[in-house]
Structures are given as C-alpha cells and as structure tokens.
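One-letter residues, chain by chain:
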There are 2 protein chains.
Amino acid sequence: MAEKSTKSENVAKLAPRPVVTRLSLYLRQLEILQTAGETCVSSNKIAKILQLSDAQVRKDLAFFGQFGHPGIGYKIDDLQASIRKALGTDKLWPLAIVGFGNLGRALMRYREFDRHGFHIAAVFDSDPRKIGSSANDLEIHPLARLGEICKKQGISIAALTVPAEVAQDVAIEITNSGIRGILNFAPIVLRVPEAVSVVSVDLSVQLEQLVYKVSHGVGNQPGR
Amino acid sequence: MAEKSTKSENVAKLAPRPVVTRLSLYLRQLEILQTAGETCVSSNKIAKILQLSDAQVRKDLAFFGQFGHPGIGYKIDDLQASIRKALGTDKLWPLAIVGFGNLGRALMRYREFDRHGFHIAAVFDSDPRKIGSSANDLEIHPLARLGEICKKQGISIAALTVPAEVAQDVAIEITNSGIRGILNFAPIVLRVPEAVSVVSVDLSVQLEQLVYKVSHGVGNQPGR
C-alpha cells in the first residue's frame, strides 16, 4: 500500500471492514441469545452459530477491548454495549429517506431500523403529487427543503432511494445539505465530496454472491 | 480453523468471501470503463478507482487465472468474461420473487438485474387479493405453486421479500420446492438445509457500516 503516511496512520486506527461487518453479525446474534434469556456467552458459542473460528471471534472482540472472562465468557449486556459503542450506534441516528417510491415505502416499514439505533425522521421526494402527503405520520417534503429540515432535526445520514438516472444529482444536493453519510440504493458509483461516507446496497452484487455460492455448492455457511 | 479435513479442502478451493465481493466491484467498474469506450485497463487504474492497492487487484484477478499483459494490462472483454465465469453469471439465472409487497415491487423494477445475468421469471404471494393479478407481464402465483413453477421454469434462486414473521416458514417452503439459493431480505437468521445457500441483505447492518464510517470520519473510501 503506497499511500501517504498520514492517510495510512489514519486508516490503521480503524478496524478492517470485514471486522466491522462481523461486529454487526455478533450484535444480531447477541440480541437473539438475549431474547432467549441468556446473559453470558462464550466466543466458542458465537463462533459455532456464525460458523467462524473461535480464535477469529476472540480476535475481533479484542480489537474493541472486549476480553471474555475465563469460565464465564462474555456478559451479553456488556458486549452489546461495547459493540454499539464501537459501531457508533450507542446513540440514536435520525435518518432521512430521499425518494418515496416502492423502495422508500419499503424502508419506512422496515421495523428493524428502530431496533438498531436508527429512526426515520424525514422523507423527501421531488414529485409534486407526493409532496405534502403523509406516510407513517411523516409529511413528505420537497427536496429543496432537505438542508433546512436535516439541519433542524440533526439528521446527518440519508438513504438514497431515487431512480438511477437522477441519483448522482440528488446525491450532490444531499451532500450540499450537510448530510455526512449516504446509504445508496442506486446501482451507480456515487461521486461525492471526500468527507462524505457512502455505503452502497447493490442488489446485483448480493445476487452474484449468492450465485457464486450456489454454483460452487457452498450451501449455508453464514461465515463465508 | 479446526474443521474436518474434507470440509477444509472443499472450502480451500473457494475464493475467500471478500475476494468474491471485490470481483463484483471489478465487474461494475469494467462495465463503466467499457461504456466509456475503453478496451484495456491496468490493475493500477482499477486499483485507483476502487481505492485498493495495485498488488491486491493483481492478486485477486490471478486467483481466477487472469494475468495482465505487460504494457497493455487486461483486455476488458476477456476480464469481464473471466470474472462472470468465476462468479457463475456467464449464464442467465431466472429468479423468483417471493412476496409481492413494496420491496417485491421495488425489486421488479430494479433494471440492474437484467444487465447482470438475472431475470425475474416468476412472482409469488400468499395474499388472495394479489394472486392472479399481473406485474411487469408476470402473473402473481400462490405460494403453493412454487415448486411446480420453479421446476418448470428452471428457477433455482429466489428473493425472499415476505414479512419477518413468516419468513422462516416461507423459507422452508422455498427450500422444499427445490430452490438452492435464497436472497433473504427478512431481518432474521434463516434456518435452511445445509445444501441451500443464503445471502442476507440486512439493511441495519449496512446502516451500521455507514454510521461506523461517519463516526470515524472515514469519508468516501469505497475500498473499505
């Protein structure tokens, strides 16, 4: 990696992306165990459920300062709190939905967001027929009010669910409005200012991963 | 990794999951370059666009037998064909949509599937008010006909877009019908037979990844 040393150092402090992805998986699993009435869990148990190695789980959790207690394992409460803190979801993140089509509608009904530290706080669209109407008690606002409303409501992340043709233009409007992170559903590589984070949900990529598994007979190995 | 040797051997032949994910990203990037009129590309150029290291890109592609030509780089046509073959998308995959709610509707309008080797071939729902009606020239069939229709149409993968409460039960119906891969949109860990592959699209996980990037000031680094 021939990068400027300042950048390398900055990146070095961050967990590698696969570790961050696994943190989310650990969190989901801990929620399931907690719902089942468990209070403690061993790295070995987590590893078995997620089909990872015990060593991998311990290493990932140690990255965030969590070390199991001998003979007890991890306290589920503590571990959840620690992972949420590492991810940044120990506080509630208000979220804007930009684009109230089928996908925007589906997201608004996606109850999991609320359970995981996210709260849909505002909805935007450019269609005059939709603007002013309501969905889930939220008024649909015109795109032009994005900056004003996000600032007022402290919204710093947005799901971009507009058609692909307009996604780049709307992404620029979004970043101009002060949003710092975009969950992008449009199947394009968004060009945004460097300070803005983008995570793209590319469903073709997910299907390609599925087809790879099906073609290679991987079967149901969640760790892969 | 203490696994049975047969399993280890089987897994060893497979590319590591992050490599497979990057293959999809390379493919998208090659499509963009091709649309722009390019015929050849260097690993260095791909690396720069996706913010990976040159060595990483060359290593990933060498895993699938692709080695650049000195002074020319990779021929985009060849590289695309080679990646599609590695992924299994060098043939067309008919796909079933199971659950015709907002998300199912959004998927049916997702034109990217057709561009990447996927074709929505059948739609299923359990709601008698939806069954028999049409969407995008496809009749909505009852769940009970899943096995029959998927067999007749050679469908082996399905997108599961039903509500979370019924997702596990419907997943079992899906696997009983001969489907070998499920793209799961329900926010639960599906329990399916070992031979069935599952890729879960967990939007909370994606948002957590976004919030991690926003919280840590990662900004727009697509390679992470």
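Below: a short report on this structure. Residue numbers here run from 1 along each chain, matching the order of that chain's written sequence. Here the convention is simple: chains get letters from A, ligands get numbers from 1, in the order in which they are written. Only residues with pLDDT of 70 or above have their local features reported here, since the model is predicted, and side-chain atom pairs are shown and tallied only from 80 upward, although totals for entire chains, interfaces and linings are computed over all residues. Side-chain descriptors were evaluated using all non-hydrogen atoms of the structure, hydrogens and water having been removed beforehand.

## Digging into unusual backbone geometry
Residues and elements named next belong to chain B. This is how the line gets drawn: A run of H or I in DSSP counts as a helix once it spans at least four residues, and a run of E counts as a strand once it spans at least two, with each numbered from the N terminus.
At Asn136, a residue that is not glycine, the phi angle is positive and equals roughly 50°. Here Asn136 lies in the loop between strand 5 (134-135) and strand 6 (138-142). Here the phi dihedral of Asp137 falls at roughly 65°; this positive angle occurs in a residue that is not glycine. For Asp137, the position within the fold is in the loop between strand 5 and strand 6.

## Side note on the relation of the copies chain B and chain A
To be explicit about the condition: Overlaid copies result from least-squares superposition on C-alpha atoms, with residues included only where pLDDT is at least 70 in both. Should any heavy atoms of two residues lie within 4.5 Å, those residues are considered in contact.
Superposition record for chain B on chain A: RMSD 0.0 Å, screw rotation 180°, translation along axis 0.0 Å. Each copy turns onto its partner about a two-fold axis. Across chain B, the rotation axis passes nearest the C-alpha of B:Asn102, at a separation of 2.6 Å. Both copies present the same face, since 100% of the interface residues in chain B are matched by interface residues at the equivalent positions in chain A.

## A few points about the sheet that holds strand 8 (residues 181-184) of chain B
Residue and element names in this part refer to chain B. For clarity, the cut-off: Whether two strands pair comes down to DSSP finding at least two bridges between them.
The sheet built from seven strands is open, its strands ordered 5-6-4-3-7-8-9 with mixed pairing. If you trace the sheet from one side to the other, it starts and ends with strand 5 and strand 9 (197-200), each paired once. Alignment of strand 5 against strand 6, held across two bridges, turns out to be antiparallel. What sits directly across from Ser134, in strand 6, is Glu139.

## Topic: helix 4 (residues 54-63) of chain A
Helical geometry: 3.6 residues make up each α-helical turn, so side chains three or four residues apart lie on a common side. Residue and element names in this part refer to chain A. The condition is simple: A 1.4 Å probe rolled over the protein chains alone gives each residue an accessible area, and that area as a share of the maximum for its type sets the label: buried under 20%, exposed over 50%, partly exposed in between. Here the arc refers to the set of directions running from the helix axis out to each C-beta atom.
The complete set of buried residues in helix 4 reads Val57, Asp60 and Leu61. Down the axis, helix 4 shows its buried residues gathered within 90° of arc, on one side only. Where helix 4 is buried, its residues touch helix 2 (17-35), helix 3 (43-50), strand 2 (74-75) and helix 5 (76-87). A positive phi of about 80° marks Gly65, the residue just after helix 4.

## Section: the nonpolar core
Rule in force here: In this text, buried Ala, Val, Leu, Ile, Met, Phe, Trp, Tyr and Cys residues form a nonpolar core when linked through side-chain atoms within 4.5 Å.
Counting 52 residues, the largest nonpolar core has A:Phe113, A:Ile157, B:Phe113 and B:Ile157 as its most contacted members. With sequence-adjacent residues up to four places away left out, B:Phe113 is seen in contact with A:Leu203, A:Ser204, A:Leu207, B:Leu95, B:Leu107, B:Phe118 and B:Ile120.

## Let's talk about the interface of chain B and chain A
When the parts come together, some accessible area is lost, and that loss is often what is quoted as the size of the interface. Basically, it comes down to this: Here the quantity called buried area is the accessible surface, traced with a 1.4 Å probe, that two parts lose on coming together, added over both. We define a salt bridge as a contact between a side-chain nitrogen of Lys or Arg and a carboxyl oxygen of Asp or Glu at a distance within 4 Å. We define a polar contact as two N or O atoms separated by no more than 3.5 Å, with the added condition that, inside protein, one atom must be a possible hydrogen donor and the other a possible acceptor, whereas residues neighbouring each other in sequence contribute only through side-chain atom pairs.
The interface of chain B with chain A comprises 75 residues on the first partner and 75 residues on the second. Summing both partners gives a buried area of about 6900 Å² for chain B against chain A, and 61% of it is carried by carbon and sulfur. In this structure, the connection of chain B to chain A is made through four salt bridges. For B:Arg28, the salt bridge goes to A:Asp202, with nearest N and O atoms at 3.4 Å. Viewed at the interface, chain A and chain B are joined by 22 residue pairs in polar contact (both at pLDDT 80 or more). A total of 13 residues in the side of chain B that touches chain A trace back to one element, the largest contributor, which is helix 10 (residues 203-215) of chain B.

## Points about the sheet that holds strand 4 (residues 118-125) of chain A
The criterion, for reference: Under this scheme, a helix contributes an axis fitted over its contacting stretch, all axes are lines through C-alpha atoms, and angles between N-to-C directions fall in the 0 to 180 degree range.
In space, the seven strands of this open sheet follow the order 5-6-4-3-7-8-9 (chain A), with mixed pairing throughout. At either margin of the open sheet sits one strand with a lone partner, and together these are strand 5 (134-135) and strand 9 (197-200) of chain A. Here strand 7 (residues 157-160) of chain A pairs with strand 8 (residues 181-184) of chain A via four bridges, running parallel. Along strand 8 of chain A, the bridge assignment pairs A:Ala158 with A:Ile182. Each of strand 3 (93-98), strand 7 and strand 8 of chain A is contacted by helix 9 (residues 164-176) of chain A, which is oriented at about 170° to strand 7 of chain A, the strand it contacts most. The sheet strands contacting helix 10 of chain B are strand 3, strand 4, strand 7, strand 8 and strand 9 of chain A, and the helix crosses strand 9 of chain A at an angle near 160°.

## So, the environment of B:Ile131
Residues and elements named next belong to chain B. Summarising the element assignment, Ile131 is placed in the loop between strand 4 (118-125) and strand 5. A C-alpha to C-alpha distance of 5.4 Å links Ile131 and His141, two positions 10 residues apart in sequence. Not counting chain neighbours up to four residues away, the residues in contact with Ile131 comprise Asp125, Ser126, Ile140, His141 and Pro142.

## Some remarks on the side chain of B:Arg28
Assignment of secondary structure puts B:Arg28 in helix 2 (residues 17-35). Overall, the relative accessible area of 10% leaves B:Arg28 in the buried class. A polar contact of 3.0 Å, which involves the side chain of B:Arg28, links it to the side chain of A:Glu208.

## Regarding the side chain of B:His116
Within the secondary structure, B:His116 sits in the loop between helix 7 (112-115) and strand 4. Its relative accessible area of 4% is what places B:His116 among the buried residues.

## Overview of the packing of aromatic side chains
This is how the line gets drawn: Only rings of Phe, Tyr and Trp enter the pairing, Trp through its six-membered ring, and a pair is recorded when the two centres are within 6.5 Å. The plane angle decides the type: under 30 degrees is stacked, over 60 is edge-to-face, the rest tilted. Put simply, a charge is over a ring when the Lys NZ or the Arg CZ is close to the ring centre, within 6 Å, and near the line of the ring normal, within 35 degrees.
A full pass over the atoms with the stated rule returns six aromatic pairs over all chains. When the ring of A:Tyr110 is compared with that of A:Phe113, the centres are 4.8 Å apart and the planes differ by 70°; the resulting orientation is edge-to-face. When the ring of B:Phe63 is compared with that of B:Phe64, the centres are 5.2 Å apart and the planes differ by 55°; the resulting orientation is tilted. A relative accessible area of 41% places B:Phe63 in the partly exposed class. Looking at B:Phe64, the relative accessible area reads 22%, which means it is partly exposed. Members of the aromatic cluster, each reached through a chain of ring pairs, are A:Tyr110, A:Phe113 and A:Phe118. Directly above the ring of B:Trp93 sits B:Lys91, whose terminal nitrogen or CZ lies 4.1 Å from the centroid.

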